[in-house]
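# Descriptive analysis of the structure
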Amino acid sequence: MARVRRIAVVRPLLAVVLLTAVAAAQVPGYSREVRPILAEKCFRCHGPDGDARRAGLRLDLPGAGDLLGRERGDELLRRIAAGDPEVAMPPPESGKTLTTPERDTLERWIAGGGRYERHWAFVPPERPAVPEPPDGAANDHPIDAFVRARLAAVGLEPSPEADRATLVRRVWLDLVGLPPTPAEAAAFVDDPRPDAYERLVDALLASPHYGERQARRWLDLARYADSNGYEKDRERSIWPYRDWVIRALDADMPFDEFAVKQIAGDMLPDPTPDDWIATGFHRNTMLNEEGGIDPLEYRFHALTDRVATTGTAFLGLTLGCAQCHTHKFDPITHREYFGLLAYFDDADEPDYAIPDAAADERERDARRRAEAALEQLWDEWPGGAARRDEAFASWLAAQRKKAVAWTPAHVLRASANVPTLLVDDPGSGEVFATGDTTKHDVYRLELAGGQRPVTAIRLEALPDARLPAGGPGLTYYEGRKGDFFLGEFVVTAGSGDGAAPVAIARASASYWKNQFGNSPVDAGRAIDGDLQTGWSTHGRHGQREVAVFVPAEPIAAALPIAIELHFGRHFASSLGRFRVSFTDAAGGAEALALPFDADGALEASLRTEATATDPTSLRPAFLLSADEVKDRGN
């Protein structure tokens, strides 16, 4: 049973073609022969477009019951045969005429009852009766009966049976795409058992190469081998999806499960990593990573690609035509097309890091070895471990003097021009951005005022595995993945008519780097009123960095605070995950500003002095809360 089912998968269209040919009658079929003529010559005035329809006549749907209707049929015959240009159809001004074969097809169809047919994609398949073998001949397989019946219908005889050497080569190439070795071919040729062929087929179906061979056809439908981009042809890192398809075919996964996992595997209850990987079917759309493009335009192109591919691969329909108009051939309306497009438009596209226990262990081992090497490094210096401990104690004492307590802001509302801002815990001050991005995104935060006057605002850019390259930014372009660019940080205090802008006297950050040359991108550039300058941390993918903004005057206690964050350059570069905190520490701008210079030399020295004795010591203490500093000291 398994052998018969899997052989049928090898050539899925063979039985359909044969059944259609054997069952065909002399009356032309509506879907295959009649509808194309009506669509080309008649539907413009008598089809699905209600605004263009004339005389109230619609020929794309049945008239009386399942039939065109005798009266309408007679009238149609009269019109297509008329010589009078006032009566003839199609009318001469349409520029369309019926050829003699086309007219004959319509006449035979109407004479046979004018029967309409549902589109084949909506007709449930039925198992037909197997034709009787002609002249009492035996059938080796039910498909052979259809082959023989079709050959007999056109007066042909089957070809002579292939010799065993030819047969073994054919079945190898057909099932696994590889030729047999001379020894493998000879073993089959010399095998005298009556079921030698069945044994060979079973062995090939059990080969892992079977899935590789059959997956090629499906991967073509999934656009796996398409170019990566419209203007760049970068590598695709989606080979796990290819391997998933191969495994699914080798495991005889039922088609309904095969389809569901690829369309919505992430929406299954408790999805497994394999379920997530299966959704790679719709991650093969082409990208455009050129900086000057509109990201939303190319997202729309990706959506239309997904709709068209879903129609081709899963529905047996050409949906793409309905992007511009109600379909002229397949029964899909313009509205239905965009209903399906809305389904895909509602989907997010986070990066998915595939769990790999072996890789995780290799990383842990590398970290252990790195920490051991750092520990040994101190022995190379005069004073060794004593000097290390003294340096760290001195550094920690200096940073404790600068440490301030930070209180997470309470987020009342978070919104953006296009991205969706999610706030799981309003009291955490943390926001996660998802969805589409543009080249100028504006995040708007409404925050409850501090219990005490606010003397500084801290913005933490946080890493997250869901973001490109681990974040903290949403930039997805190669070479800039995970970046962000904060062009302006604007603060307002108060509510209603009493709201007033807050002057920011100073800003500084734990780290900054510009991907484009040496132009400054320190936090101070985010308060200069110029959207073309700002704060960026290029290259710090998957790392936490912070910026501190110091108002010229403290913001009064309990006064509502609104913050606008403007992101963007000539490419989309918004923050993906971040947190806002307040402090009421006294001392003004000089005490609270972060003491880093533009080239990061001070940061480098601190990171050198902060050894691997405590992993958190690699972060300067004044970037943490007072409690975190206390924990570090312990």
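Please read these numbers as outputs of a predicted model, since none were measured by experiment. (Residues numbered from 1 in each chain as written. Predicted model: local features only at pLDDT ≥ 70, side-chain atom pairs only at ≥ 80, totals over all residues. Heavy atoms only, no water.)

### Points about the overall build of the chain
Across its full length, the chain carries 21 helices and twelve strands. A burial count over the chain gives 38% of its 634 residues as buried. Pairs at least 24 residues apart make up 70% of the contacts formed inside the chain by residues separated by at least 6 positions. (Helix = DSSP H or I, 4+ residues; strand = E, 2+ residues; numbered from the N terminus. Buried < 20%, exposed > 50% of the residue type's maximum accessible area, 1.4 Å probe, protein only. Contact = heavy atoms within 4.5 Å.)

### Here we look at the environment of Thr407
When you line up the elements, Thr407 lands in strand β1 (residues 407–408). In this structure the C-alpha to C-alpha distance between Thr407 and Ile457, which are 50 residues apart in sequence, comes to 9.7 Å. Once residues within four sequence positions are removed from consideration, Thr407 is found in contact with Ser581 and Phe582.

### Some remarks on the sheet that holds strand β7 (residues 486–493)
Taking strand neighbours across the sheet as the criterion, the five strands line up as β2-β5-β11-β7-β8 in an open arrangement whose pairing is antiparallel. Because the sheet does not close on itself, it has two edges, and the strands there are β2 (411–416) and β8 (500–501). Pairing of β2 with strand β5 (residues 441–447), which is carried by five bridges, proceeds in the antiparallel orientation. Its bridge partner lying in β5, Val411 is registered against Leu447. (Pairing = 2+ DSSP bridges.)

### With respect to empty space enclosed by the protein
To find leftover empty space, one rolls a probe the size of a water molecule over the atoms. In the structure shown here, the tally under the stated rule is one cavity of 30 Å³ or more. Space inside the largest cavity adds up to approximately 70 Å³. Taken together, Arg480, Asp483, Phe484, Phe485, Asn514, Gln515, Phe516, Val521, Ser536, His538, Arg569 and Phe571 make up the lining of the largest cavity. Class assignment for the residues of the lining of the largest cavity results in five nonpolar, four polar and three charged. (1 Å grid on protein atoms, 1.4 Å probe; cavity = no way out; pocket = protein on both sides within 12 Å on 5 of 7 lines; lining within 4 Å. Points joined across faces, edges and corners; volume = space filled by probe spheres on them. Nonpolar A, V, L, I, M, F, W, Y, C, P; charged D, E, K, R; others polar.)

### Considerations on the confidence of the model for the chain
Chain-level statistics for the chain give a pLDDT mean of 82 and a share of 84% at 70 or above. A low-confidence stretch, residues 1–25 (pLDDT under 50), is modelled with 29 contacts involving residues beyond four sequence positions or located in other chains. Segment residues 588–634 is flagged for pLDDT under 50; beyond a separation of four residues in sequence, or across chains, it makes 94 contacts in the model. (pLDDT = per-residue confidence, 0-100.)

### Considerations on the packing of helix α8 (residues 164–176) against helix α11 (residues 208–221)
Between α8 and α11, the shortest axis-to-axis distance is 7 Å and the interhelical angle comes to 70°. One finds that α8 runs roughly perpendicular with respect to α11. When α8 is examined against α11, the residues Leu173, Asp174, Leu175 and Val176 are found in contact with a partner set consisting of His209, Tyr210, Arg213 and Gln214. Among the residues forming the contact of α8 with α11, the class breakdown is four nonpolar, two polar and two charged. (Axes fitted to C-alpha atoms, helices over the stretch in contact; angles between N-to-C directions. Parallel < 35°, antiparallel > 145°, perpendicular 65-115°, else oblique.)

### Quick look at the packing of aromatic side chains
This structure, assessed with the given rule, holds 20 aromatic pairs. Taking the centre distance of 5.4 Å and the plane angle of 65° together, the rings of Trp218 and Phe314 count as edge-to-face. Of this pair, Trp218 sits in helix α11 while Phe314 sits in helix α15 (residues 295–315); the two residues are 96 residues apart in sequence, bridging distant segments of the chain. On the accessibility criterion, Trp218 (11% relative accessible area) is buried. Between Phe255 and Phe314 the ring centres are 6.5 Å apart and the planes differ by 45°, which places this aromatic pair in the tilted class. Residue Phe255 is located in helix α13 (residues 255–264), and its partner Phe314 is located in helix α15; the two are separated by 59 residues in the primary sequence. These aromatic residues form a ring-pair network of at least three members: Trp218, Tyr241, Trp244, Phe255, Phe258, Phe281 and Phe314. Looking at Arg164, its charged tip hangs above the ring of Phe188, at a distance of 4.3 Å from the centre. (Phe/Tyr/Trp six-rings, centres within 6.5 Å; stacked < 30°, edge-to-face > 60°. Lys NZ or Arg CZ within 6 Å of the ring centre and 35° of its normal.)

### Notes on the nonpolar core
Ranked by size, the top nonpolar core spans 41 residues in total, and within it Leu459, Leu486, Phe489 and Val580 carry the most contacts. Elements supplying a minimum of two residues to this core: β4 (430–434), β5, β6 (456–461), β7, β9 (504–509), β10 (545–551), β11 (561–567) and β12 (577–583). If you look at the next biggest cluster of nonpolar residues, it comprises 19 residues, including Trp244, Phe281, Ala313 and Phe314. (Core = buried A, V, L, I, M, F, W, Y, C linked by side-chain atoms within 4.5 Å.)

### Quick look at the pairing of β10
Most of β10 sits out of view: seven of its seven residues are buried. With five bridges joining them, β6 and β10 adopt antiparallel strand pairing. Across the sheet, Ala461 pairs through a bridge with Glu545, a residue of β10. Sheet analysis places β9 next to β10, joined by five bridges and oriented antiparallel. Note on β10: the bridge partner recorded for Ala509 is Ala547.

### Some words on the pairing of β4
The buried fraction of β4 amounts to four of the five residues, a majority that puts the element mostly inside the structure. Relative to β4, strand β3 (residues 420–422) runs antiparallel, the two sharing three bridges. By the bridge assignment for β4, Leu421 is matched with Ala433. In terms of strand pairing, β4 meets β12 through three bridges, oriented antiparallel. In the sheet register, Val431 faces β12, and the bridge partner there is Phe578.

### Observations regarding the side chain of Ser207
Positionally, Ser207 belongs in the loop between α10 (196–205) and α11. A residue is classified by how much of its surface remains accessible, and Ser207, at 14% relative accessible area, is buried.

### With respect to unusual backbone geometry
In most cases, non-glycine residues show a negative phi, while peptide bonds are predominantly trans. Along the chain, Met89 connects to Pro90 via a cis peptide bond; the corresponding omega equals -5°. With respect to the helices and strands, the residue Pro90 is situated in the loop between α5 (70–81) and α6 (100–111). The step from Gly471 to Pro472 runs through a cis peptide bond, and the omega angle for that step is 10°. Examined against the element boundaries, Pro472 turns out to sit in the loop between β6 and β7. A positive phi angle, close to 65°, is found at Arg223, a residue other than glycine.

### Re the pattern of salt bridges
Within the structure shown, the criterion is met by 32 salt bridges. We note a salt bridge from Asp365 to Arg368, for which the minimum N-O separation is 3.8 Å. In this pair, Asp365 and Arg368 are both assigned in helix α17 (residues 357–377), three residues apart and thus about one turn of the helix distant. Classification of Asp365 by relative accessible area gives partly exposed; the value is 31%. (Salt bridge = Lys/Arg side-chain N within 4 Å of Asp/Glu carboxyl O.)

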